[in-house]
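# Structural features, examined
Below are the chains, spelled out letter by letter.
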Amino acid sequence: MSDRRSRPHGVVVVRGRSMLPGLREGDRLLVRYGVPPAAGDVVVARFRDGTVVVKRAAERRRTASDGPGWWLLSDNADEGVADSRARGVVPDADVLAVARWRLWPRPGRLRRLV
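Analysis parameters
- Residues numbered from 1 in each chain as written.
- Predicted model: local features only at pLDDT ≥ 70, side-chain atom pairs only at ≥ 80, totals over all residues.
- Heavy atoms only, no water.
- Salt bridge = Lys/Arg side-chain N within 4 Å of Asp/Glu carboxyl O.
- Helix = DSSP H or I, 4+ residues; strand = E, 2+ residues; numbered from the N terminus.
- Buried < 20%, exposed > 50% of the residue type's maximum accessible area, 1.4 Å probe, protein only.

Here we take up the pattern of salt bridges. Evaluated as defined, the whole model comprises 10 salt bridges. One salt bridge connects E25 with R15, and the closest N-O pair in it is separated by 3.7 Å. Of this pair, E25 sits in the loop between β1 (9–13) and β2 (28–33) while R15 sits in the loop between β1 and β2, and the two are 10 residues apart along the sequence. Given the relative accessible area of 58%, R15 is considered exposed. Between D27 and R102 there is a salt bridge, and its shortest N-O distance comes to 3.4 Å. Linking D27 in the loop between β1 and β2 with R102 in strand β7 (residues 95–104), this pair joins segments that are 75 residues apart in sequence. An identical accessibility class is assigned to D27 and R102; each is buried. What emerges from the salt-bridge pattern is a single network uniting D27, R102 and R106.

The following block contains the structure:
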């Protein structure tokens, strides 16, 4: 895989139902690598076990090692078991990208929750 810094934008595909109702299985998102998220942003992150997910950056928290990180949540709590409620705070370095726009199948700006 090429270095993400050389590709500041990318496309990710939503898998699963954890981000309903706003995002659905198969939605394609335009993401921006290397930008810090704000509370309410949809982000792409990597959990400690290597799982890459699309989640909502809910709030800033400290990691177990007292570093800065994000509490990431699913928008659909009944479906989203792979979020910070089960996996803990995600370090800043593991928040890979911020989603900016849904490209397909329903193009439009993503709604921020605060």
